[in-house]
Amino acid sequence: DRSIRVWDVSKRVGVQTFRREGDRFWILAAHRTQNLLAAGHDSGMIVFKLERERPASAAGPADKLYYVRGRELFCHDHSRATAGGTGVDVP
């Protein structure tokens, strides 16, 4: 059904559902020491933290990466990279 469902195994209840309309999920990877999951879909990937139950970051169009730092949403623009830099962070 084009979704990823996060379950609380001890309570046997669904906690969160991530959907991508028009995309299919193909791969799922977990970080060894942190509560991070990465899921690859047809048009990119999404990385999320389990304790927050919302995406920690998501790849956007035109070389942009959206991520949460603290309580703010940032956009890292790779296309605005300067010589020797990796891009620009925009709150």
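Read on for a plain summary of the structure. (Residues numbered from 1 in each chain as written. Predicted model: local features only at pLDDT ≥ 70, side-chain atom pairs only at ≥ 80, totals over all residues. Heavy atoms only, no water.)

1. Remarks on the pattern of salt bridges
For the structure shown, the criterion picks out 3 salt bridges. Its salt-bridge partner being D1, residue R5 comes within 2.4 Å of it at the nearest N-O pair. By relative accessible area, R5 is classed as partly exposed at 41%. Looking at D1, the relative accessible area reads 65%, which means it is exposed. Residues D23 and R20 are paired through a salt bridge, measuring 3.2 Å at the closest nitrogen-oxygen approach. Residue D23 is classed as buried on the basis of its relative accessible area, which comes to 8%. (Salt bridge = Lys/Arg side-chain N within 4 Å of Asp/Glu carboxyl O. Buried < 20%, exposed > 50% of the residue type's maximum accessible area, 1.4 Å probe, protein only.)

2. Quick look at the packing of aromatic side chains
For any pair of aromatic rings, the description rests on two quantities: the centre-to-centre distance and the angle between the ring planes. Overall, the coordinates contain 2 aromatic pairs when judged by the stated rule. With a centroid separation of 4.2 Å and an interplanar angle of 25°, the aromatic rings of F18 and F48 are classed as stacked. Taken together, the residues span a long stretch of sequence, with F18 in strand β2 (residues 13-19) and F48 in strand β5 (residues 44-49) at a distance of 30 residues. Like F18, the residue F48 is buried in the burial classification. Residues Y67 and F74 carry aromatic rings whose centres are separated by 5.5 Å and whose planes lie at 15° to one another, so their mutual orientation is stacked. For the pair Y67 and F74, a shared accessibility class is recorded, and that class is buried. (Phe/Tyr/Trp six-rings, centres within 6.5 Å; stacked < 30°, edge-to-face > 60°. Helix = DSSP H or I, 4+ residues; strand = E, 2+ residues; numbered from the N terminus.)

3. Describing the environment of G22
With respect to the secondary-structure elements, G22 resides in the loop between β2 and β3 (25-30). Each C-alpha atom of the pair G22 and D42 lies 8.5 Å from the other, and the pair is 20 residues apart in sequence. The residues contacting G22, other than those within four sequence positions of it, are R2 and D42. (Contact = heavy atoms within 4.5 Å.)

4. Focus on the environment of K49
Topologically, K49 is positioned in strand β5. By relative accessible area, K49 is classed as partly exposed at 24%. As a C-alpha pair, K49 and L36 span 13 residues in sequence and 4.6 Å in three-dimensional space.

5. Notes on the nonpolar core
In terms of nonpolar packing, the biggest core is built from 8 residues, these being I4, V6, F18, F25, L37, A39, I46 and F48. Mapped by element, the contributors of at least two residues to this core are β1 (3-8), β4 (36-41) and β5. The residues contacting L37, other than those within four sequence positions of it, are L28, A29, A30, I46, V47, F48 and L50. (Core = buried A, V, L, I, M, F, W, Y, C linked by side-chain atoms within 4.5 Å.)

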